[in-house]
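Structural description and commentary
Spelled out, the chains give:
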Amino acid sequence: MKNYITYSIACVLIFVIGNSIYEHNKKNSLYAKTQRLDCHKNINTFERLYDRNKIKELHKKLLDGNFVLVSSIQKAVYSKSKLFKHVELKETDKATIDMLNSYIVDKKLSDDKIKILYYIYENDIKDPGKKSKKSKLYAGYVVFKFSTEKDKLVYQVQVDFMDKNGADLNKSIECAINSFMTVK
C-alpha cells in the first residue's frame with residue numbers, strides 16, 4: 001500500500017512539473033500576433049521577445065546611434081515577381097536608416113553595436129503551400145531581427161504590407177521599428 005501511495009504521488013509530481021515546463025516553453029516559443037500599438041491593429045503583426053533582459057540594452061544602443069543594418073529581399077518563386085519593379089532595396093535602406101536615426105537622442109558611437117537584420121518578403125500567391133484565400137491577400141511582409149553584436153537574437157517582428165507595388169512598405173517598416181522601441 002505504501003508503495004502504491006508513493007508511486008501515485010511521484011506520478012502526480014512528474015505530471016505537474018512536466019506540464020509547467022511544457023507551458024513555460026510553449027509561452028516562450030510563440031511568435032504571437034500582437035495588437036499592442038495602433039499600427040498593429042491595421043495590419044497583421046507578429047512579434048517575439050527572446051531575451052527580455054537584453055531589450056533595454058539594445059534600446060540604449062539604438063538611442064546612442066550604435067547600430068548596423070543588414071538587408072535583403074525574398075522574391076516570389078512560383079509566381080512572377082512584380083514587387084521589386086517598384087521597390088528598390090537601396091531606397092528602402094535609406095528610408096529605414098532615416099527612421100532609425102530619428103530615434104537617436106545623444107550620439108555616443110562605440111564599437112559595440114546592435115545588429116538589425118531585415119528582409120522584405122514578396123508574397124508568392126502561387127505557392128502550393130498557400131491554401132487559403134486569406135494567405136493570398138497581402139502583398140508581402142517585412143521581418144526585422146534585433147540582435148546583440150555577438151548575434152544573440154533578442155527580438156523579432158514581422159509586419160505585413162498590402163499594396164502590390166509596396167506603397168505601404170515604409171509604414172510597415174516604421175511599425176516594425178516602433179514595435180521594437182516600445183517592447184519592454
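Residues numbered from 1 in each chain as written. Predicted model: local features only at pLDDT ≥ 70, side-chain atom pairs only at ≥ 80, totals over all residues. Heavy atoms only, no water.

Our next topic: the overall build of the protein chain. If you tally the helices and strands in the protein chain, you get five helices and six strands. Taking contacts inside the protein chain between residues at least 6 apart in sequence as the whole, the part at least 24 apart equals 69%. Taken as a whole, the protein chain presents about 11,700 Å² of accessible surface, with 56% of it coming from carbon and sulfur. (Helix = DSSP H or I, 4+ residues; strand = E, 2+ residues; numbered from the N terminus. Contact = heavy atoms within 4.5 Å. Areas by Shrake-Rupley, 256 points an atom, 1.4 Å probe, with all protein chains shown as cover.)

What follows covers a nonpolar patch on the surface. Taken together, Val 68, Val 70 and Leu 117 make up a surface patch of nonpolar side chains, about 210 Å² in accessible area. Relative to the helices and strands, Leu 117 resides in strand 4 (residues 114-122). (Patch = residues over 30% accessible without salt bridge, like charges linked within 9 Å, V, L, I, M, F, W, Y side chains within 5 Å. Salt bridge = Lys/Arg side-chain N within 4 Å of Asp/Glu carboxyl O.)

It is worth spelling out the nonpolar core at this point. Within soluble globular proteins, side chains that are nonpolar tend to cluster in buried spots. Of all hydrophobic cores here, the largest spans 32 residues; its most connected members are Ile 120, Val 142, Phe 144, Phe 146 and Phe 180. Sorting the residues of this core by element identifies helix 3 (55-63), helix 4 (89-101), strand 4, strand 5 (140-147), strand 6 (153-161) and helix 5 (169-182) as the ones contributing at least two each. The leading source of residues in this core is helix 5, at seven residues. With sequence-adjacent residues up to four places away left out, Val 142 is seen in contact with Tyr 118, Tyr 119, Ile 120, Val 157, Gln 158, Val 159, Phe 161, Leu 169, Ser 172 and Ile 173. (Core = buried A, V, L, I, M, F, W, Y, C linked by side-chain atoms within 4.5 Å. Buried < 20%, exposed > 50% of the residue type's maximum accessible area, 1.4 Å probe, protein only.)

A full pass over the atoms with the stated rule returns one disulfide. The disulfide that involves Cys 39 links it to Cys 175, with 2.1 Å between the sulfurs. Between Cys 39 and Cys 175 the disulfide shows an S-S torsion of about 75°. By sign, it is right-handed. Within this pair, whereas Cys 39 is found in helix 2 (residues 38-42), its partner Cys 175 is found in helix 5, the two being separated by 136 residues in sequence. Assessed through its relative accessible area of 22%, Cys 39 is described here as partly exposed. For Cys 175, a relative accessible area of 3% translates into the label buried. (Disulfide = S-S within 2.5 Å.)

We now examine the pattern of salt bridges. This structure, assessed with the given rule, holds ten salt bridges. Asp 64 is paired through a salt bridge with Lys 60; the nearest N and O atoms lie 3.0 Å apart. For Asp 64, a relative accessible area of 10% corresponds to the buried category. As a salt-bridge pair, Lys 94 and Asp 98 come within 3.2 Å of each other at their nearest N and O atoms. Here Lys 94 pairs with Asp 98, and both are found in helix 4, just four residues apart, close to one helical turn. Lys 94 gets classed as exposed once you look at its relative accessible area, which sits at 53%. Sharing partners across several salt bridges, the network here consists of Lys 54, Glu 57, Lys 61 and Asp 112.

Everything listed here is a matter of coordinates, which is why it stays silent on function.
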